[in-house]
Amino acid sequence: MSDYDKLMKIVDKEVVSLKELHQITNDDLVADVRETAQDDKHKGLPRYDVRLTNGEIYFVYVKKSLFGF
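Residues numbered from 1 in each chain as written. Predicted model: local features only at pLDDT ≥ 70, side-chain atom pairs only at ≥ 80, totals over all residues. Heavy atoms only, no water.

Side note on the packing of helix α1 (residues 3-11) against helix α2 (residues 18-25)
Step number 1: Here α1 crosses α2 at 145°, and the two axes come no closer than 10 Å. Between α1 and α2 lies a crossing of left-handed hand. Every residue of α2 that contacts α1 at Leu 7, Ile 10 and Val 11 is listed here: Glu 20, Gln 23 and Ile 24. (Axes fitted to C-alpha atoms, helices over the stretch in contact; angles between N-to-C directions. Helix = DSSP H or I, 4+ residues; strand = E, 2+ residues; numbered from the N terminus. Left-handed = near helix turned anticlockwise from the far one by under 90°. Contact = heavy atoms within 4.5 Å.)

Following this line, the structure appears as structure tokens:
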């Protein structure tokens, strides 16, 4: 599985753990990760804008956990 496929497997889930957000942030294929305004799709979950080096843009939501996993 390529690095891109591994990244897409996480991003496609849409609702990710804090650990997965760190994996996304540290990935060489990711140019920028920014917290954006929440929306009604997943109320109460922080939303992040993930921009890849190839120009693709994805949104992920971080589920809250006591332990961050």
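Things to note about the nonpolar core
Step number 1: Leu 7, Val 11, Ile 24, Val 30, Val 50, Leu 52 and Val 60 are the most contacted members of the largest nonpolar core, which has 13 residues in total.
Step number 2: Secondary structure elements with two or more residues in this core: α1, α2, β3 (47-52) and β4 (57-62).
Step number 3: A per-element tally of this core places α1 first, with 4 residues.
Step number 4: When neighbours within four sequence positions are excluded, Val 11 is seen to be in contact with Ile 24, Tyr 58 and Val 60. (Core = buried A, V, L, I, M, F, W, Y, C linked by side-chain atoms within 4.5 Å. Buried < 20%, exposed > 50% of the residue type's maximum accessible area, 1.4 Å probe, protein only.)

Looking at the sheet that holds β3
Paired through backbone hydrogen bonds, the strands of a sheet run either parallel or antiparallel to each other.
Step number 1: Spatially, the 4 strands line up as an open sheet ordered β1-β4-β3-β2, and their pairing is mixed. Taken across any chain shown, the strands that pair with only one partner, and hence form the sheet edges, are β1 (15-16) and β2 (30-36).
Step number 2: In the sheet, β1 pairs with β4 via 2 bridges, with the strands oriented parallel. Each residue of the ladder has a partner; that of Val 16, found in β4, is Val 62. (Pairing = 2+ DSSP bridges.)

Examining the packing of aromatic side chains
Step number 1: Summed over the entire model, instances satisfying the criterion amount to 0 aromatic pairs.
Step number 2: If you follow Arg 47 out to its NZ or CZ, it ends over the ring of Phe 59, 4.2 Å from the centre. (Phe/Tyr/Trp six-rings, centres within 6.5 Å; stacked < 30°, edge-to-face > 60°. Lys NZ or Arg CZ within 6 Å of the ring centre and 35° of its normal.)

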